[in-house]
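Here is what each chain is made of, one letter per residue.
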Amino acid sequence: MILGMSPEDLTTTHVILSLTGIASGVFVMIGLAAGNKSDGLNVVFLLSTLGAAITGFLFPFDHLLPSHIVGFITLGALAIAILALYGFHLVGAWRLVFVVGASAAFYLNVFIGVVQAFQKIAVLRPLAPTQSEPLFLGAEIVLLVITLAFMVAAFRRFHPTSGPYGV
């Protein structure tokens, strides 16, 4: 039992949080790239991605894994994004800080999703058994390029108004 949950329940919770973070993150990134901010979607994205990162550390392990390092980086990106949004209300340079933090958290969540897909989905596993194959690397590069494109678009178009929380 982990926090009163069976390993299966923890896995289900972690996957639901991860997929919710990815799905809401897609809409947050599209909105930022279009110059919009949805407070409700930001909350769902930030909290579910935070929950996914935290629950990732609850699985039993005996040594530090690459997924833990990604988890620590994700937590740092989320802390920065949350501080920029709720602490500094996206004023001045904090707008860019939020875009970078949110984009990094989104990218890392999807990055881990791609890794998990190649590990767990039977049809993908043989295509990249060591995750150093060109198909796997290509998928991760495409993900990075798409995330960077959304980030650049957000830099250009996302300018919250001057009130509290950018509204």
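Trainee: Would you mind going over the pattern of salt bridges with me for this structure?
Mentor: Pairing between side chains of opposite charge can happen when their charged atoms approach one another. For the structure on display, the rule yields one salt bridge. Close ionic contact of lysine 37 with aspartate 39 constitutes a salt bridge, the shortest N to O distance being 2.3 Å. Residue lysine 37 is classed as buried on the basis of its relative accessible area, which comes to 18%. Judged by its relative accessible area of 36%, aspartate 39 falls in the partly exposed class.

Trainee: Explain the packing of aromatic side chains here, please?
Mentor: How two aromatic rings sit relative to each other is given by the distance of their centres and the angle of their planes. Across all of its chains, the model carries five aromatic pairs by this definition. Judged by centre distance (4.8 Å) and plane angle (45°), the ring pair of phenylalanine 57 and phenylalanine 72 falls under tilted. Highlighted residues: phenylalanine 57 in the loop between helix H2 (39–56) and helix H3 (66–87) and phenylalanine 72 in helix H3, separated in sequence by 15 residues. Judged by its relative accessible area of 22%, phenylalanine 57 falls in the partly exposed class.

Rules of the game
Per-chain numbering applies: the sequence of each chain, read as written, is numbered from 1 onward. Two thresholds apply to this predicted model, a pLDDT of at least 70 for residue-level local features and 80 or more for giving and counting side-chain atom pairs, whereas whole-chain, interface and lining totals are computed over all residues. To get the side-chain values, all heavy atoms of the structure are used, and hydrogens and water are removed first. The salt bridge criterion pairs a side-chain nitrogen of Lys or Arg with a carboxyl oxygen of Asp or Glu, the two atoms within 4 Å. Relative accessibility decides the category of a residue: with a 1.4 Å probe and only protein chains considered, values under 20% of the type maximum give buried, values over 50% give exposed, and everything between is partly exposed. Each Phe, Tyr or Trp ring (for Trp, its six-membered ring) is paired with any other whose centre lies within 6.5 Å, and the angle between the two planes then decides the class: stacked below 30 degrees, edge-to-face above 60, tilted in between. Helix numbering and strand numbering both begin at the N terminus, where a helix is a DSSP run of H or I of at least 4 residues and a strand a DSSP run of E of at least 2.

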